[in-house]
Amino acid sequence: MDNNVEELLKALEKVNSLMTDENIERATTEQLLRYNELINKIKARLIELV
Amino acid sequence: MDLSNIVATDLNENNIGTFLSEFDNALANGDYAKLRDAIERINDFLVAGKIIVSSGRSNNQPGRNYIEVTDGTNTEQIFVDDIADHVVGKVKADYTANPGANTDRDAVRSELNKNLTAIFNQNRLLETLANRGFSIDEFKKQADKANDESKRKIDNLRAQQKKQVEKFEDTFGKNTTITSGDYTTKSSITRIKTCKDGIAIVELAKDRFDKIQDLKAKIIADPSKKSEYEAQIAQLQENMKYLGKKILDCNFPGLDKDMIKDWETKPAMFSRTFSIIKVHIATTLSSEYENLKNVVAGLQPADLIELGISPEIKSKFDGVMDPDDSVSAAARDAVDKYLIGKQRSLTQGIDNEIATEERLMQLRKENVAHYEELTKRINDSKVRLKTGQCIPKRKRDTNGNYIVVNGRYELDIDPSTGNPYTEEVMDIPTDVATRQEFLQKARYDESKELIAIDAKYESRAAKRHALEVLNIGNRFTRFFAPGRLWKKYNARRKILASREESAIELQMRKDYEEIVPDIAERFKIEQLFSRIKQSAAIQHTLYSAGKEQGWDADSVDKSKLVDDLERAAYEETLYRAGTVALNEITDIRKKKGYTHESVVDKNNKQVINNDLLHEDENNDMEL
């Protein structure tokens, strides 16, 4: 696998690991809803690749 | 900025640009270790409890999402969109730079797709929402609202695109063909491109023509190779005929097909045509650029801004007719780039934005479907609790007491679904009046219960078993003196009290089931399913026992039997299978001597045992 892409994917995974179980539990319902929408927005752009 | 040791401030609105350019530099230099460090640092802020999970819109740059990070003192906004876009951009660039099928690359794509939901932990997020009781209707409402916004955004983008395209075409012309097809207009950039195509074609023709002349000279020098050279000449001439047709397609004024006819064989004809085309193209180009220069010079400042013509680009338009050839050539190149780039961004750029927004709408729809399934599963699993302790939530008055109307609890209804909220613990009422009310409705008769208890626990063995369940005595006293313990600790009354509790609970449930038929239905299904499984297990045990005793093993397909019974629970035959299972359980109970009849009192009174609903409390079913 190309190093470039592989490294970037690893980086991407790490960026996205911000949504830890702990953070989710601690978030308010309103925050969860906003975050869900944010994830959808990022996915909408990422999905262009796949 | 040190990527290996970034701080939250490095990622705020003011510094994100620097961070991203540092990211680019590290990438260009192949410094992946640094990139990893940077990403890990970001992760540290988020994971080490310094993150406040919240997203919103920046006041300064609406439409960009950020996540708030705090170090305890200061709060910074991290622009995750920018980071995500950047990573994606780079991955895309890598694909562009290395086109073609590649298994590893496909694996990357598939991995990325697979990870999209997982890496965002979106399932967990949705589960948390569902577990908190956030209703599907409310969730759908939010998604619909967001999708309405997206629709508006798409409409705006289309309007904006239309306006920009019109402005661009009004200024620089557009390609059109009227319906009859005999009249066309072309934009400036199309006309320029046509001229440049013409130059390329005619230069190619010149190259072919010179080669033909060379080959003719070679034939004179070496007649022995005449046929070989002639074949090459023929091929080149064929090629020139084709180029002649292409140049005619450019529709240069003053150029007709007679001038191209047989030009490959006539040097004088070719030279003349060649110079006419060259001169014509140069003149046309000059006139095009002159025209562009004048058009842009005549634009108002507002038009320049609208068309994205910066002062730097404007100076290039000004320079297209510069007497210094190198200056004008560079200016013309820059103008071409602007026109082509602008044309592309007007269509492709906005189209991409629209496509992304449409994908987002689709994702939201999928999100709702997923959430619906999730909430249904979670609600089902609550109702399916084997202990049966999940019940509709009852309303309390201001003193915290349940509100009972006409002998029934008033339920706490979720306004968004119209169904009651659920609660997991069923409290049996303690006040005598309410208890009596339920017992009466259940037609609970204490004397009958006592008779049943006496019948059931007549033997020493039964007493021993019950004493053990009630945790009375120890294994020695229970074995040697069950009767004495029975009396001393009033076990009969204890069992009676337990039956009273069960009767009240059962009646309460019946009441709920009357009010909430859906829950009653699900509860019934669960009961039946439980019995079917139990029956399957019994059949399995019987089969094993039979096999040990030398029965004809082949006559029973064990796995099929168990499978069929289990599957039945999921299919339309559930009720039928449930009935069969109930009959089987009853049969087995009969064989074991624990029948309804066995607890009918001697005076032929009504059957009062509700053993079927007290599933196997004394392990009667144990084979």
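Structure's up top.
Residues numbered from 1 in each chain as written. Chains lettered and ligands numbered in written order. Predicted model: local features only at pLDDT ≥ 70, side-chain atom pairs only at ≥ 80, totals over all residues. Heavy atoms only, no water.

Draft legend 1. Broad picture of the nonpolar core. Residues and elements named next belong to chain B. Residues Phe172, Ile247, Trp263, Leu292, Ile309, Tyr338 and Leu339 are the most contacted members of the largest nonpolar core, which totals 44 residues. Going through the elements one at a time, α6 (136–172), α7 (188–221), α8 (226–249), α9 (257–260), α10 (267–297) and α13 (325–383) are the ones with two or more residues in this core. Broken down by element, the residue count for this core peaks at 10 residues, all from α7. Counting residues in hydrophobic clusters, the runner-up holds 19 residues, among them Ala462, Leu467, Leu496 and Met508. (Core = buried A, V, L, I, M, F, W, Y, C linked by side-chain atoms within 4.5 Å. Buried < 20%, exposed > 50% of the residue type's maximum accessible area, 1.4 Å probe, protein only. Helix = DSSP H or I, 4+ residues; strand = E, 2+ residues; numbered from the N terminus.)

Draft legend 2. Representation of the pattern of salt bridges within the structure. Residue and element names in this part refer to chain B. What the rule picks out here adds up to 21 salt bridges over all chains. In this structure, the salt-bridge partner of Asp318 is Lys314, at a minimum N-O distance of 3.8 Å. One end of the pair, Asp318, and the other, Lys314, are both in helix α12 (residues 311–318), 4 residues apart, so they sit about a helical turn from each other. Judged by its relative accessible area of 22%, Lys314 is partly exposed. A salt bridge links Arg435 to Glu501; the shortest N-O distance between them is 2.6 Å. Here Arg435, found in helix α14 (residues 432–441), pairs with Glu501, found in helix α19 (residues 491–515); they are 66 residues apart in sequence, far enough to count as distant. By relative accessible area, which is 15% here, Arg435 ends up buried. Classification of Glu501 by relative accessible area gives partly exposed; the value is 30%. By sharing partners, the salt bridges in this structure join Asp207, Arg208 and Lys211 into a single network. (Salt bridge = Lys/Arg side-chain N within 4 Å of Asp/Glu carboxyl O.)

Draft legend 3. Main features of helix α16 (residues 460–469) of chain B. All names here are of chain B. Along α16, the residues that are buried comprise Ala462, Lys463, Ala466 and Leu467. Along the long axis of α16, the arc covered by the buried residues comes to 135 degrees, so they all point the same way. In α16, the exposed positions that point more than 90 degrees away from the buried face belong to Ala461 and Glu468. After α16 finishes, the residue Asn471 shows a positive phi value of roughly 60 degrees. (Arc of directions from axis to C-beta.)

Nothing here speaks to function; it is all geometry.
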